[in-house]
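Residue-level structure breakdown
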Amino acid sequence: MRHPSRLPLPALLLAALALPAPAQETASDTLLTVNHYLDWEQVQDPQISPDGSQIIYTRRWVNKIDDKWESALWIMNADGSHHRFLLKGSDARWSPDGTRILYLADGEPKGTQLFVRWMDAEGASSQVTRVSETPTDPKWAPGGKSIAFVMLVPDSSLWTISLPKPPEGAKWTAAPRVVDDLHYRQDRVGYMEQGFTHLFLVPADGGTARQLTTGHWNVGARFDGLVFGAGYDWTPDGRTIVFDGLRDSTWDGQYRVSRLYTLDVASGAIRQLVSRPGYWADPAVSPDGRSVAFTGYDSTEHTHRTSDLFVAGIDGSGMRDVSHGFDRDPGDLFWASDGKGVYFTAGDRGSINVHYADLSGAVRDATQGVQVVSVTAVARTGMAVGVRSDPQHPADVVRFDLRRLPTQPLARITAVNDDVLQNKQLATVEEVWYPSTGGARIQGWIVKPPGFAPAKKYPLILEIHGGPFAMYNVGFSYMFQNFAANGYVVLYVNPRGSTGYGDAFSSAIDHDYPGPDYDDLMAGVDAVIARGFVDTTHMYVSGCSGGGVLSSWVIGHTHRFAAAAVRCPVIDWISMAGQTDIPFFTFSFFHQPFWDKPDEWLAHSSLMYAGHVTTPTLLMTGELDRRTPIPQTEEYFAALKMRHVPTVMVRFNGEYHGTGSKPSNFMRTQLYMMSWFQKHRLGGEPAASSQGGSR
């Protein structure tokens, strides 16, 4: 549904009367307010040339006229000098000899196409594909003579009926959409085109793309049937591609099932590399071509499982877990140049750092500190590039020598937001640990307003992350900094169910969500209140997606918050199962389907606790949301209205999941929330106990 239905006039008047009075954020040259967001920039995907001399990265900025993020490729020397715009496009990758780059940009006959640019003084570019679907995940073949990519191959089975022929000039209604797959829609896509993703190969000088894989199955490991690209890598001799996916026509009925395969590029022969049932993905071939590193886990009935880093021979032999004792999810795999180990990134207690696993199974830190670091490319010299952020510094491109880590510091070589942050007073972020039920220790962070004075009393916002199997990290947050600039203390925590603390911690909500995570959130609020600087009549709770699940759960179990901003929530698991683009994920939270055991589904649905809610509630969801679709919000809105709870529903135009992908909508989200919070306070009575309701 693109637009909300028109309300009759009386309802419109009532809705207008229910809205809060306008509240404007005070413009400031010294605090980070929403208007500065229009000048904000982002860096992504830096790529270093094979000789380590140059770096290309994607730079994004706000198009203030068209209300969207624009992106282009920028280039600089490895020390950050000679920094300049290169061209419009994305997904740049250096050729093996460093003389060219491939990239994606708009082309003919339509949409995104693959291009190659020579990196000499002339800088000539050529469009090398002219395909009807969007090419993704392009990678140079060793030798640089061809480029592999992944693309959808349409395959629709039309249902033919003997409909009479329309009269000439007739304007009959378009034929209905015929759906016979469970997975037929995807957030940020809409309705998915019927077909299968496969590997292709095109000459680097341009020409006809050759399809390397065929059939009614998909290249690319999928989460609940959704398309997120593919993991694949070449062997050094260019004869073989190792890829993840599921070569099985029953893919639509499979959840968390992925295999690794090898493809003989010349003959098209495919062989399964890993036979163990499980979810195996992201293969990376060793420098000598004899081994493959990859991530994954064995099949499980648990809702979530922490991945490990595995290594196997190129023939699938000798598969072994080389990170089992590490108990964190590995990503961004890169082999050491000597082939004796694998570098990877992993989240750990709010930070994301680079680690190294040798083939014996020992894991050590390559980078350390309270930061978020990625590694996106490595030169032949061992020089690597990535992106780094911390609580006081937005993301910028960094350079580091893998051979000298962790003793050598990371070199920051861009400063894209220094102009915005010049003379700005930023909030300070304090890490806290506190006890919760069941002996759990929980990590959180307190964001304190600029000029914070411990003797003063501040309003508090508890912001809850989504997932639920995700992790708040210590990277710079414009959202939190903006709240703090307006005088709020912000508390964000990683309750049980969060990743980055080991498999037992994330599995603590297995088939019990919401569950002990609620205890952890309330214990965090208690811990901050105990410090003496929180005004307990001005406490607020908010969150999106999994945070919408928990914020709606919180207000059904305690009255301690003066107001709530429940964003893109799930409040009814039974209806969610038929509305979302991730149905298997939804079913995985319960031991039995709802038609066999509805009580369990209802007991974990916030809607069933609407009768306990007295907290004024702002509901915000995107009209196009396919992940936690807006009917979830509508159900909760109707229930709270029936109970005469002060409630407003804000439906964001042009938004899929979340409410901030468009710059104007991010700013609206911030301002609507603060306006709602400014309107509400508890009526002077003491804040309710954290045991304000039963779980």
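What counts, and at which threshold
Residues numbered from 1 in each chain as written. Predicted model: local features only at pLDDT ≥ 70, side-chain atom pairs only at ≥ 80, totals over all residues. Heavy atoms only, no water. Helix = DSSP H or I, 4+ residues; strand = E, 2+ residues; numbered from the N terminus. Rg over C-alpha atoms; globule rule 2.2 N^0.38 Å. Contact = heavy atoms within 4.5 Å. Pairing = 2+ DSSP bridges. Axes fitted to C-alpha atoms, helices over the stretch in contact; angles between N-to-C directions. Expected span 1.5 Å × (residues − 1). Buried < 20%, exposed > 50% of the residue type's maximum accessible area, 1.4 Å probe, protein only. Phe/Tyr/Trp six-rings, centres within 6.5 Å; stacked < 30°, edge-to-face > 60°. Lys NZ or Arg CZ within 6 Å of the ring centre and 35° of its normal. Parallel < 35°, antiparallel > 145°, perpendicular 65-115°, else oblique. Left-handed = near helix turned anticlockwise from the far one by under 90°. Nonpolar A, V, L, I, M, F, W, Y, C, P; charged D, E, K, R; others polar. Disulfide = S-S within 2.5 Å. Salt bridge = Lys/Arg side-chain N within 4 Å of Asp/Glu carboxyl O. Polar contact = N/O pair within 3.5 Å; in protein donor to acceptor, adjacent residues only side chain to side chain. Core = buried A, V, L, I, M, F, W, Y, C linked by side-chain atoms within 4.5 Å. pLDDT = per-residue confidence, 0-100. 1 Å grid on protein atoms, 1.4 Å probe; cavity = no way out; pocket = protein on both sides within 12 Å on 5 of 7 lines; lining within 4 Å. Points joined across faces, edges and corners; volume = space filled by probe spheres on them.

**Some details on the overall build of the protein chain**
Helix and strand counts for the protein chain stand at eleven helices and 40 strands. The C-alpha atoms of the protein chain give a radius of gyration of 26 Å, which matches the 26 Å a tight globule of 695 residues would have. Its C-alpha atoms give the protein chain principal-axis dimensions of roughly 75 × 75 × 50 Å. Contacts spanning at least 24 positions in sequence make up 57% of the contacts within the protein chain whose residues lie at least 6 apart.

**Thoughts on the sheet that holds strand 3 (residues 68–77)**
Strand order in the open sheet formed by four strands is 1-2-3-4, with antiparallel pairing between adjacent strands. If you trace the sheet from one side to the other, it starts and ends with strand 1 (41–48) and strand 4 (84–87), each paired once. In this sheet, neighbouring strand axes are inclined to one another by 40 degrees on average, regardless of whether the strands run parallel or antiparallel.

**Points about helix 10 (residues 630–642)**
For helix 10, with 13 residues, the first-to-last C-alpha span of 18 Å sits near the 18 Å given by 1.5 Å per residue. Buried within helix 10 we find Ile 630, Gln 632, Thr 633, Tyr 636, Ala 639 and Leu 640. Elements in contact with the buried residues of helix 10: helix 6 (546–555), helix 7 (573–579), strand 39 (617–622) and strand 40 (647–652). Just downstream of helix 10 lies His 644, where phi reads positive at about 65 degrees.

**Quick look at the packing of aromatic side chains**
Centre distance and the angle of the planes are the two values used to describe a pair of aromatic rings. Taken as a whole and assessed by the stated rule, the structure comprises 48 aromatic pairs. Relative to Tyr 492, the ring of Trp 445 lies with its centre 5.2 Å away and its plane at 20 degrees, an arrangement referred to as stacked. With Trp 445 in strand 34 (residues 441–448) and Tyr 492 in strand 36 (residues 489–494), this pair connects stretches of sequence that are 47 residues apart. Relative to Tyr 540, the ring of Tyr 488 has its centre 6.4 Å away and its plane inclined at 75 degrees; by these criteria the two rings are edge-to-face. Of the two residues, Tyr 488 sits in the loop between helix 3 (478–485) and strand 36 while Tyr 540 sits in strand 37 (residues 534–544), which places them 52 residues apart along the sequence. One exposure class covers both Tyr 488 and Tyr 540, and it is buried. Geometry around Trp 118 places Arg 100 over its ring, the cationic atom sitting 5.3 Å from the centre.

**Points about the packing of helix 3 against helix 11 (residues 663–679)**
Closest axis-to-axis distance for the helix 3/helix 11 pair is 11 Å, and the angle between their directions is 40 degrees. As far as their axial angle goes, helix 11 and helix 3 are oblique. Both helix 3 and helix 11 take part in a crossing whose hand is right-handed. From helix 3, Tyr 478, Met 479, Asn 482 and Phe 483 reach across to helix 11, where they touch Phe 666, Gln 670, Met 673 and Met 674. Classifying every residue of the contact of helix 3 with helix 11 by side-chain character gives six nonpolar, two polar and no charged.

**Focus: the state of the cysteines**
Per the stated rule, a full pass over the model turns up one disulfide. Put simply, Cys 544 and Cys 568 are joined by a disulfide, and their sulfur atoms are 1.9 Å apart. Measuring handedness by torsion sign, the sulfur bridge of Cys 544 and Cys 568 sits at about -115 degrees and is left-handed. Of this pair, Cys 544 sits in strand 37 while Cys 568 sits in the loop between strand 38 (563–567) and helix 7, placing them 24 residues apart in sequence.

**Quick look at unusual backbone geometry**
At the junction of Glu 108 and Pro 109, the peptide bond is cis and its omega measures out at 5 degrees in the coordinates. For Pro 109, the location among the structural elements is in the loop between strand 6 (100–106) and strand 7 (112–118). Going from Leu 405 to Pro 406, the amide bond is cis rather than trans, its omega being 0 degrees. As for its position among the elements, Pro 406 is in the loop between strand 31 (393–401) and strand 32 (411–412).

**Structural notes on the pattern of salt bridges**
Following the criterion strictly, the structure yields 22 salt bridges and no others. A salt bridge links Lys 64 to Asp 39; the shortest N-O distance between them is 2.9 Å. Residue Lys 64 is located in the loop between strand 2 (54–63) and strand 3, and its partner Asp 39 is located in the loop between helix 1 (9–18) and strand 1; the two are separated by 25 residues in the primary sequence. Notably, a salt bridge pairs Asp 581 with Arg 627, separated by 2.6 Å at the nearest N-O pair. Residue Asp 581 is located in the loop between helix 7 and helix 8 (583–587), and its partner Arg 627 is located in the loop between strand 39 and helix 10; the two are separated by 46 residues in the primary sequence. Overlapping salt bridges bring together Lys 68, Glu 70 and Lys 88 as one network.

**Here we look at the sheet that holds strand 13 (residues 195–203)**
Read across the sheet, four strands follow the order 9-10-13-14 without closing on themselves; strand pairing throughout is antiparallel. Two strands lie at the open edges of the sheet, namely strand 9 (136–140) and strand 14 (210–211), each paired on one side alone. Across nine bridges, strand 10 (residues 146–154) lies against strand 13 in antiparallel orientation. Bridge pairing in strand 13 places Val 150 opposite Leu 199.

**Some remarks on the pairing of strand 1**
Pairing geometry for strand 1 and strand 2, over six bridges, is antiparallel. Residue pairing across strands places Gln 47 opposite Ile 56, the latter belonging to strand 2. Between strand 1 and the antiparallel strand that follows it, strand 2, lie five residues; Gly 52 among them carries a positive phi value of about 80 degrees.

**Here we look at the side chain of Arg 59**
Topologically, Arg 59 is positioned in strand 2. Given the relative accessible area of 12%, Arg 59 is considered buried. A distance of 3.4 Å separates a polar atom in the side chain of Arg 59 from a polar atom in the side chain of Tyr 57. For Arg 59, the residues in contact, after removing those within four places along its chain, are Glu 41, Gln 42, Glu 70, Ser 71, Ala 72, Trp 74, His 83 and Val 416.

**Considering the nonpolar core**
Counting 97 residues, the largest nonpolar core has Leu 462, Trp 573 and Phe 677 as its most contacted members. In this structure, Leu 462 is in contact with Leu 491, Leu 521, Met 522, Val 525, Tyr 540, Val 541, Ser 542 and Phe 561, ignoring residues within four places of it in sequence. Within the second largest apolar cluster, 21 residues are counted, among which are Val 150, Tyr 232, Ile 241 and Leu 263.

**Looking at the environment of Thr 262**
As for its placement among the helices and strands, Thr 262 is situated in strand 18 (residues 259–264). On the basis of relative accessibility, which here comes to 5%, the residue Thr 262 falls in the buried class. Residues contacting Thr 262, with those up to four places away along its chain left out, are Thr 240, Ile 241, Val 242, Ala 269, Ile 270, Arg 271, Leu 273 and Ile 314.

**Overview of the confidence of the model for the protein chain**
On average, residues of the protein chain score 93 in pLDDT, and 95% of them reach the 70 mark or higher. Note on residues 1–22: pLDDT is under 50 here. Beyond four places in sequence and across chains, it has 17 contacts. Below pLDDT 50 for its whole length, residues 684–695 participates in 27 contacts with residues either more than four positions away or in separate chains.

**Things to note about empty space enclosed by the protein**
Following the criterion strictly, the structure yields four cavities of 30 Å³ or more and no others. Lining the largest cavity are 14 residues, and of these Arg 222, Leu 246, Trp 251, Gln 254 and Val 257 sit closest to its centre. In terms of residue class, the lining of the largest cavity is built from five nonpolar, six polar and three charged. For the second largest cavity, the full set of lining residues is Pro 391, Val 429, Val 447, Val 474, Gly 475, Phe 476, Ser 477, Phe 480, Gln 481 and Tyr 492. Here the residues of the lining of the second largest cavity sort into seven nonpolar, three polar and no charged.

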